[in-house]
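# Reading the structure
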Amino acid sequence: MTTENLKILSLEVKDVRFPTSLNGHGSDAMHTDPDYSCAYVILKTAKGTEGHGLTFTCGRGTEIVVKAIKSLSYMVVGQTVVEIFKDFATFWRNLTSETQIRWLGPEKGVTHLATAAIINALWDLWAKLLNKPLWRLLVDMDPEQLVSTIDFRYISDVLTKEEAIEILRSSESKKDERTTKLLKKGYPAYTTQVGWLGYSTELITDLCQKYLDMGFTSFKVKVGGDLQDDIKRLTAVRNIIGWENKLMVDANQVWDVQEAIEWIKNLSEFKLHWVEEPTSPDDILGHATIAKALKPLGIGVATGEMCCNRVMFKQFLQAEALQYCQIDSARIGGVNELLSVYLMAHKFGVKVCPHAGGIGLCEMVQHLQMWDYISVSGTMRDRIIEYVDQQHEHFVDPCVVENACYQAPKAAGYSTTFLPDTFTKYEYPNGVTYAHPSAVELFQDVYHTCLKEFSLGCVKPKSLHWLNTVIKEPVIKISNDLEIVKTADSEGVQERSNAKDVFDAFEDFIQSHRLVAKVPEILRLDGPLGSLLPRSFRPEELTVPLATTGRSRTVKKIIVPFLLGLKFKTAVIVPLALALIALKTWKALTLGLLSLVLTGALLIFKLSHSKVTTYEVLHYPHHHHVDHHHVEHHPPTGWEHPGYGRQLDAQELAYNGYVGSN
Ligand SMILES: C[C@H](O)[C@@H](O)CC(=O)C(=O)O
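Residues numbered from 1 in each chain as written. Predicted model: local features only at pLDDT ≥ 70, side-chain atom pairs only at ≥ 80, totals over all residues. Heavy atoms only, no water.

Named according to an unreviewed UniProt entry, the protein chain is Mitochondrial enolase superfamily member 1 originating from Aquatica leii. Quoted verbatim from the Sequence similarities (unreviewed entry) field of the UniProt record, the comment on the protein chain reads "Belongs to the mandelate racemase/muconate lactonizing enzyme family. ENOSF1 subfamily." For the protein chain, the Catalytic activity (unreviewed entry) comment in UniProt is given as "L-fuconate = 2-dehydro-3-deoxy-L-fuconate + H2O". (UniProt positions renumbered as here; feature names shortened; annotations may be inferred.)

This part is about the overall build of the protein chain. Helix and strand counts for the protein chain stand at 25 helices and 17 strands. Here the protein chain holds 662 residues, and the buried ones make up 54% of them. Counting only contacts in the protein chain whose residues sit at least 6 apart along the sequence, the fraction spanning at least 24 positions is 73%. Total accessible area on the protein chain stands at roughly 29,400 Å², and carbon and sulfur atoms take up 56% of it. (Helix = DSSP H or I, 4+ residues; strand = E, 2+ residues; numbered from the N terminus. Buried < 20%, exposed > 50% of the residue type's maximum accessible area, 1.4 Å probe, protein only. Contact = heavy atoms within 4.5 Å. Areas by Shrake-Rupley, 256 points an atom, 1.4 Å probe, with all protein chains shown as cover.)

This brings us to the packing of aromatic side chains. Going through the model one piece at a time under the given rule, you end up with 21 aromatic pairs. Summarising the aromatic geometry, the rings of Y428 and Y434 are spaced 5.0 Å apart at their centres and angled 80° between planes, so their arrangement reads as edge-to-face. By the ring-pair criterion, three or more aromatic residues cluster together here, those being F18, Y40, F395, F418, F423 and Y426. A cation over an aromatic ring shows up here: K14 above the ring of F423, its NZ or CZ 4.9 Å from the ring centre. We note R17 situated over the ring of Y428; from NZ or CZ to the ring centre the distance is 3.8 Å. (Phe/Tyr/Trp six-rings, centres within 6.5 Å; stacked < 30°, edge-to-face > 60°. Lys NZ or Arg CZ within 6 Å of the ring centre and 35° of its normal.)

Following both chains from N to C, one finds helix α11 (residues 257-267) and helix α12 (residues 284-294) inclined at 25°, their axes separated by 9 Å at the closest point. By the angle between their axes, α11 is roughly parallel relative to α12. In this structure, the crossing between α11 and α12 has a hand that is right-handed. On α12, the residues that touch V257, A260, I261 and I264 of α11 are G286, T289, I290, A293 and L294. (Axes fitted to C-alpha atoms, helices over the stretch in contact; angles between N-to-C directions. Parallel < 35°, antiparallel > 145°, perpendicular 65-115°, else oblique. Left-handed = near helix turned anticlockwise from the far one by under 90°.)

Within the secondary structure, G186 sits in the loop between α8 (175-185) and β4 (187-191). Taking the C-alpha atoms as reference points, G186 and P545, 359 residues apart in sequence, are found 64 Å from one another.

This next bit is on the sheet that holds strand β14 (residues 475-479). Two strands in a sheet stick together by hydrogen bonds in their backbones, pointing the same way (parallel) or opposite ways (antiparallel). Taken together, the four strands give an open sheet; going across it, the order is β14-β15-β16-β17, and neighbouring strands pair in antiparallel fashion. Looking at strand neighbours, the two that pair on one side only are β14 and β17 (541-545), the edges of this open sheet. Strand-to-strand twist of the sheet, defined as the mean angle between neighbouring strand axes without regard to direction, takes the value 25°. (Pairing = 2+ DSSP bridges.)

Looking now at the pattern of salt bridges. Enumeration over the complete set of coordinates arrives at 25 salt bridges. For K175, the salt bridge goes to E172, with nearest N and O atoms at 2.7 Å. Judged by its relative accessible area of 11%, K175 is buried. Classification of E172 by relative accessible area gives partly exposed; the value is 32%. (Salt bridge = Lys/Arg side-chain N within 4 Å of Asp/Glu carboxyl O.)

This part is about helix α7 (residues 161-169). Within α7, the full set of buried residues consists of A164, I165, I167 and L168. End-on view of α7: buried residues confined to an arc of 160°, all on one side of the axis. Structurally, α7 contributes buried residues whose contacts are with α6 (143-147), α14 (334-348) and α15 (361-377). (Arc of directions from axis to C-beta.)

So, about α8. Every α-helical turn comprises 3.6 residues, leaving residues that sit three or four positions apart pointing alike. Regarding α8, the residues found buried are K175, R178, T179 and L182. The arc that holds every buried residue of α8, seen down its axis, measures 105°, which confines them to one face. Of the residues in α8, the exposed ones pointing more than 90 degrees away from the buried face are D176, E177, T180, K184 and K185.

Before going further, it helps to examine the UniProt feature "domain: Mandelate racemase/muconate lactonizing enzyme C-terminal" (unreviewed entry) in the protein chain. When the UniProt feature table is mapped onto this chain, "domain: Mandelate racemase/muconate lactonizing enzyme C-terminal" (unreviewed entry) is found at residues 201-297. Structurally, residues 201-297 comprises 52% helix and 13% strand, and the distance from its first C-alpha atom to its last is 26 Å.

For the rest of this paragraph, the subject is the pairing of β14. On a regular strand, one side chain projects to one face of the sheet and the next to the other, so that they alternate. Relative to strand β15 (residues 482-486), β14 runs antiparallel, the two sharing four bridges. By the bridge assignment, I476 is partnered in β15 with I484. As consecutive antiparallel partners, β14 and β15 are separated by two residues.

This next bit is on the side chain of S375. Within the secondary structure layout, S375 lies in helix α15. Judged by its relative accessible area of 2%, S375 falls in the buried class. The residues touching S375, leaving out its near neighbours within four places in the chain, are V139, I167, L168, S171 and K175.

One open sheet accounts for three strands, arranged β1-β2-β3; its pairing is antiparallel. Every interior strand has two partners, whereas the edge strands, β1 (8-17) and β3 (50-57), have only one. Looking at each pair of strands side by side, their axes are set apart by 15° on average, direction ignored. Where strand β2 (residues 37-45) lies against β3, eight bridges are found, and the strand directions are antiparallel. Following the sheet pairing, K44 is matched in β3 by E50.

Okay, the nonpolar core next. Ranked by internal contacts, the top residues of the largest apolar core, which has 143 residues, are I69, L122, W123, I327 and W371. Of all the elements, helix α4 (residues 109-129) adds the most residues to this core, at twelve residues. If we skip the residues at most four places from it in the chain, L122 touches I8, L43, V76, I84, F85, F88 and F91. With 21 residues, the next largest nonpolar core counts V459, I484, F506 and L546 among its residues. (Core = buried A, V, L, I, M, F, W, Y, C linked by side-chain atoms within 4.5 Å.)

What follows is the structure, encoded as structure tokens:
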């Protein structure tokens, strides 16, 4: 099969999510609980070579991007790679101008994220087919070929095709020398890993030391939650990194224009290199005002991770609204459009420092920035690539950062291929990560990850996350042998859609669920005692309702005052309450089961010594619970003569055990 007629046979798309919010990784003033995620595209060809591409998302909503990719896929599948790559600009324009879908954008939001994932997968495929890392593929293209991938519509008033070719041509003779330098030294990186907003000051301090020891000289910290808190954390950071190293802050769009100026003036004593995303990503003139106000303080404005297309970048550059241009490899429409932004930034003399806080962004932007160094800007001065130390282990060719410098990727492609195991574990919602842990596993996790490290702050999000995910499930696992199960007849009856408050909801929950315990193996049909027991004593499971009918408003009457007295926090108390119910009932069930075992033993004894009837009378009452609840109320007729008389109902036995244990 030649590449000439190589067709794209299929486009597969996956929703992959990592529960990073549980530990505050990736958190900022606006995205307080991001679950680093992506919509992931796999293009398959007849040759077996695959193109993998992704666009970054923060958890919920990834399914919408996945759907958009599926809607666009008909424009890719069935095309030959040559048709696409020989006039990539036209393909890109057609994809972004799909005559009906474009109404949803155009060239912004979900549809443009979808475009980015598809386009990135195509570039990965192209580089793999030519057996080159993407940066090398770009560097090796002659200027005309590279420019043929760019759609100049809407930007030719500031950058023409001819100007772009001229920029690239002027670097041609220096490419080899720059490549050698890059391969030797790598490209400088800064770290954001030290400063997520959800991290405690102690953790931030430890991480600053860690990254300082790794050779980092530039650090970025999230701000914008609370001014005093920002001052506290920046003081701690400066105490560790000193005053020679660079410090940047990132507000992730939280402020109004004037508020941004005031806030940053209050932080200016920390010698800030730049403030990132101070206000709305769409407010070009607002950014210009901020940039002008902060210039005398020596603080630059950085933005771009949510700048939605080349037209917006064009205007940011025209308005002098940014000093650091932060392209994001998965936000605007993939490599083709990003190349045009690099070329425009070069023309305006603005430094590109790519954004990389997200899945696979470090892997991708390194290629673009390296191409920029070799083929466009020719310098790394005051240019730096963000480094976020998360999820790299999921890639076949993860980025390599040594001595705070990205090392030039060697493997073919765009470094975007996930390991197969990643899908098994993190594909949403069927990956093993999303098989909900039991309450016991949750407690073990909380103990190992939070309490052991005295990090109480992580108890609440973990408990809340667990509760939120399991509460709507028909089965909630408490332990391997114990589950809370929605009763079949409760559907639509027990739970009131107009439940007034959390207590009503909790009451409804209790009324509509039952606790189910697995019978110990020894008593099961195939267990050692199972075959000796009468059929009715061999249940696979025992069931206990969480509330008896008629016992109304238990929660409000009893639990509410108790919880209020404790200054109850829903997030922690509710899972604990569930577990307590489970433990309590488990105790009762254990007693119930014990009585079953004793009964079974008695039965065996009885069968083998049929004449000694008095033993049971003497021995039976010695078991307190069984004696109290059954011998007293029900004459022990069934014990001497299994097969007739009243047989003890396991559920009732266990429930009475529960009542008795209270
Ligand atoms: C939600 C992301 O983690 C975001 O905070 C990343 C970002 O803004 C950055 O890395 O810069």
